[in-house]
Amino acid sequence: MGSKFLVFTVTQALATLLALLVSSSALAQAIDLSTGEGGLLAFRKIQCSLTDGEPRTFSWHGRAYSRVPGEKDRLLFRVEGMNIRQCVSVEDPERGTGFKLVSREILLYQDPNTGEVLRTWTNPWTGQEVEVLHVANDPVNNGPFFAPFPWTGTIREGRWWSTATIPLFYTNPLGGNYQEYVGGTYHATEMFNFMGDVESLVDSTRPAEVQVGWVRMSSWLPWMRMGDRIGVIYMHTAGKKLDDFDALPAVMKAEIKKNYPEYVDPPPGDDERKNETSWTYFKKIIDQRGGAAAGAEGGH
């Protein structure tokens with residue numbers, strides 16, 4: 001009887017010790033959001049991964065509408081977006097270890113009824129058929145970021161969320177040297193919501209579960225050929241960080257395979273190119289075709 005009791009006691013003690021070790025290990029691996037270092041790690045996990053060079057893919061979809069004074073808003077397009085990215089560590093002699101993010105992204109404009117990827121579009125205000133130029137921004141890089149990087153999100157009942165509003169107001173890349181006199185400044189706002197569960201966010205051993213909401217309000221898209229017509233376009237979308245590239249919707253994977261094969265991977269970690277926007281990308285395409293005048297005579 002005593003022998004069995006001794007065996008039970010030893011077994012129980014070993015189980016308790018193992019539980020303590022597991023608990024201590026978990027505590028050692030937890031990200032402390034109350035510190036500047038923890039805030040930086042959490043931000044990196046949300047955006048990509050704590051492992052250098054590990055690709056992460058975001059996917060989102062929604063709808064795009066017009067807003068013109070005096071008329072009802074119009075549903076113009078469905079939109080389907082993706083961004084493939086990676087984070088890499090950077091060292092600074094004064095600020096220590098941080099990271100930067102390198103990425104490239106696509107936004108497809110689709111028929112609002114069928115979801116078919118559009119190649120041409122008939123402008124309902126002008127009656128003109130125009131060529132649709134989808135967003136293919138490469139690169140879209142950010143950083144570097146360093147600690148202290150305070151956590152500014154909200155946490156309630158095991159969930160976290162954060163918002164970012166980014167007003168944009170700068171010289172239109174399609175304009176000339178006289179924008180100050182004639183107007184035409186690029187004016188837009190992008191609004192992001194990120195959210196997920198706290199448990200996966202603070203566990204440094206596994207990916208963070210992340211959902212994203214994206215709203216964009218801007219001037220008319222340049223390929224719409226709206227000129228000086230009053231009004232804006234706004235997009236309302238939602239999505240998530242995927243487990244892998246293969247989880248992208250079939251329509252996006254087919255478009256990448258056909259027209260954007262480089263988008264199966266993020267840019268290299270040492271990418272130092274200037275960021276691309278939908279407006280600079282449009283300018284690059286028009287310039288490659290012989291300039292704005294040639295584009296205007298192109299028959300679309």
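Preceding block: the structure.
Each chain carries its own residue numbering, running from 1 in the direction its sequence is written. Local features in this predicted model are restricted to residues of pLDDT 70 or higher, and side-chain atom pairs are both shown and tallied only at a pLDDT of 80 or more, whereas totals for entire chains, interfaces and linings draw on every residue. As a convention, hydrogens and water are excluded, and side-chain values are obtained from all of the structure's heavy atoms.

Engineer: What should I look at first to understand the nonpolar core in this one?
Structural biologist: Soluble globular proteins: nonpolar side chains tend toward being buried together. Working definition of a nonpolar core: buried Ala, Val, Leu, Ile, Met, Phe, Trp, Tyr and Cys residues. They are joined through side-chain atoms within 4.5 Å. Under the scheme applied here, a residue whose accessible area is under 20% of the maximum for its type counts as buried, over 50% as exposed, and between as partly exposed, the area being computed with a 1.4 Å probe on protein chains only. If you look at the biggest cluster of nonpolar residues, it comprises 55 residues, and the most contacted ones within it are Tyr109, Trp121, Trp223 and Met224. When residues of this core are assigned to their parent elements, the largest contribution, five residues, is made by strand 2 (residues 75-92). Helical segments are the DSSP runs of H or I of at least four residues, strand segments are the runs of E of at least two, and each set is numbered from the N terminus.

Engineer: Where do I start with the state of the cysteines in this structure?
Structural biologist: Covalent bonding between the sulfur atoms of two cysteines defines a disulfide. Throughout, disulfides are identified as pairs of cysteine sulfur atoms within 2.5 Å of each other. Summed over all chains, the structure comprises one disulfide. Across a sulfur-sulfur distance of 1.7 Å, cysteine 48 and cysteine 87 are joined as a disulfide pair. Between cysteine 48 and cysteine 87, the disulfide has an S-S torsion of -90 degrees and is therefore left-handed. Of this pair, cysteine 48 sits in the loop between helix 2 (36-47) and strand 1 (56-67) while cysteine 87 sits in strand 2, and the two are 39 residues apart along the sequence. An identical accessibility class is assigned to cysteine 48 and cysteine 87; each is buried.

Engineer: Looking at this structure, I do not really get the pattern of salt bridges. What am I missing?
Structural biologist: Pairs can form between side chains of opposite charge whenever their charged atoms are close. Salt bridge, as used here: a side-chain nitrogen of Lys or Arg that lies within 4 Å of a carboxyl oxygen of Asp or Glu. Scanning the model with the defined rule gives 13 salt bridges in all. Its salt-bridge partner being glutamate 272, residue lysine 100 comes within 3.1 Å of it at the nearest N-O pair. In this pair, lysine 100 sits in strand 3 (residues 96-110) while glutamate 272 sits in the loop between helix 5 (250-259) and helix 6 (278-288), placing the two residues 172 residues apart along the sequence. Glutamate 272 sits in the exposed class, given a relative accessible area of 67%. Salt-bridge contacts for arginine 216 lead to glutamate 190; the nearest nitrogen and oxygen are separated by 3.5 Å. Remark: glutamate 190 occurs in strand 10 (residues 186-197) and arginine 216 occurs in strand 11 (residues 211-218); sequence separation between them is 26 residues. Note on glutamate 190: relative accessible area 18%, which makes it buried. Several salt bridges converge on common partners, so that one network encompasses Arg104, Asp138, Asp271 and Arg273.

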